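Structure at a glance
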Amino acid sequence: IRRWVFQRESRLLERLETQFANQVNQIWALTKHDADYFQEIKENADVKEIPLPASATPSEPAPAIKEYDVGLIGSWTWKANEEGLRWFFDTVYPHCSRDISICIAGSGADWLDGRYLNVNYMGFVNDARNFLEKARVVAIPTLSGGGIQIKTLDAIASGSQIIATPLAVRGIADPPPTVSVAVTAEGFAEKLHAALNATNTGSFTAQAIEWSTQRNMLFSKKISACLRSLVNSQTLE
C-alpha cells in the first residue's frame, strides 16, 4: 500500500512540477541533480543552481569541549531516518568497540533508551548545533530519501569529524576533509574508529568551518544575482 501511495504521489508531483516549470521565469535548484531534472522538463528554462548552506552559522574555529565519541541526530519518527538509525545499530554497532560512547538526539527513538550500556538517548534537544559540536565524530547513516540533507551541512558547520553513507552526502560535490564516506557497515565502523583515533584534526576542523562559511556567502551572492537578473529582465520588458 505504501509503495502504491508513493508512486501515485510521485506522478502527481511530476505533473505539478511540469506545470510549475512552464509558468515561471526562473527555477532555483539546490542541487545539480535537481537543476538537470528541471532542464529536461523545460529545455529552454532559466535554471539556476544555488548550493544550499547549513541552517546554522558555522562554529568558531576553536572546537567545543567534546562530551561523547559518536553523535547521531535526527527526527527519528520519519521513516527514512529511522531506517538509517536501525541499520546503524543492527549492522554497524556490532563492529564497534563497547568502550566508545554514543549519544542519540532527536525524538522518536525511545526504543534505544536503556538498550545499550554505552548509548545515551537524549531525546529532543533544543540546540542541534551545540549537540553536533560536542561529538568527536558525527555519524550520518542515511539509506534512503531524496534531496540534500540539512543535517550533513549542519554537521560540517560544527567542525566535527563525520562518517556518512553515500546518500548522506548527495548533492554535496566537494565536502571538506572532515567528511569520510563509508559504503558498508564494516567500513562505517572502521572509519568511525579511525576518526576517533585520529590526531591533529584541528586543521581539518578549520577547513570545514571555512568551507561552510564560503558556502553561506555563495548562497547569498547567487540569490542576489538571480534577483537582479529578474529585475533587469522585467525592466527591459
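Look up a bit, the structure's there.
My aim in this report is to walk through the structure given alongside it, one point at a time. Note that this is a predicted model, so its numbers are computed, not measured.

Moving on: the sheet that holds strand E7 (residues 161-164). Reading across the sheet, the six strands line up as E5-E4-E3-E6-E7-E8 and stay open at both edges, with parallel pairing between neighbours. Edge positions in the sheet fall to strand E5 (119-123) and strand E8 (179-181), since each of these pairs with one other strand and no more. In this sheet, adjacent strand axes meet at a mean angle of 25° when their direction is disregarded. Across the sheet, helix H3 (residues 79-92) touches strand E3 (68-73), strand E4 (102-105), E5 and strand E6 (135-140), and the angle it forms with E4 is around 165°. Against the sheet, helix H5 (residues 150-158) contacts E3, E6, E7 and E8, and its axis sits at roughly 160° relative to E6.

On a regular strand, each side chain points to the face opposite its neighbour's, so the side chains alternate between the two faces of the sheet. In terms of residue burial, E6 counts as a mostly covered element, since five of its six residues are buried. Looking at chain direction, E3 and E6 are connected through three bridges and run parallel. From the neighbouring strand, Gly 71 faces E6, where its bridge partner is Val 138. Direction of pairing for E6 relative to E7: parallel, over a ladder of four bridges. Across the sheet, the residue bridging to Ile 140 is Ala 164, located in E7. This β-α-β element, E6 to H5 to E7, shows right-handed connectivity.

The full count for this structure, using the stated rule, is zero disulfides. For Cys 96, which is in no disulfide, the shortest distance to another cysteine sulfur is to Cys 103 and amounts to 15 Å. According to the relative accessible area criterion, Cys 96 is buried, its value standing at 6%.

Further remarks concern the packing of helix H1 (residues 2-21) against helix H2 (residues 32-41). For the pair H1 and H2, the least separation of the axes is 10 Å and the interaxial angle reads 75°. Overall, the two elements H1 and H2 adopt an arrangement that is roughly perpendicular. Contact residues: H1 offers Glu 14, Glu 17, Thr 18, Phe 20 and Ala 21, while H2 offers Tyr 37, Phe 38 and Ile 41. Looking at the contact of H1 with H2, its residues break down into five nonpolar, one polar and two charged.

Procedures and definitions
- Residues numbered from 1 in each chain as written.
- Predicted model: local features only at pLDDT ≥ 70, side-chain atom pairs only at ≥ 80, totals over all residues.
- Heavy atoms only, no water.
- Pairing = 2+ DSSP bridges.
- Helix = DSSP H or I, 4+ residues; strand = E, 2+ residues; numbered from the N terminus.
- Axes fitted to C-alpha atoms, helices over the stretch in contact; angles between N-to-C directions.
- Contact = heavy atoms within 4.5 Å.
- Buried < 20%, exposed > 50% of the residue type's maximum accessible area, 1.4 Å probe, protein only.
- Right-handed = clockwise from strand over helix to strand, strands pointing away.
- Disulfide = S-S within 2.5 Å.
- Parallel < 35°, antiparallel > 145°, perpendicular 65-115°, else oblique.
- Nonpolar A, V, L, I, M, F, W, Y, C, P; charged D, E, K, R; others polar.

Coordinates in, geometry out; function isn't part of it.
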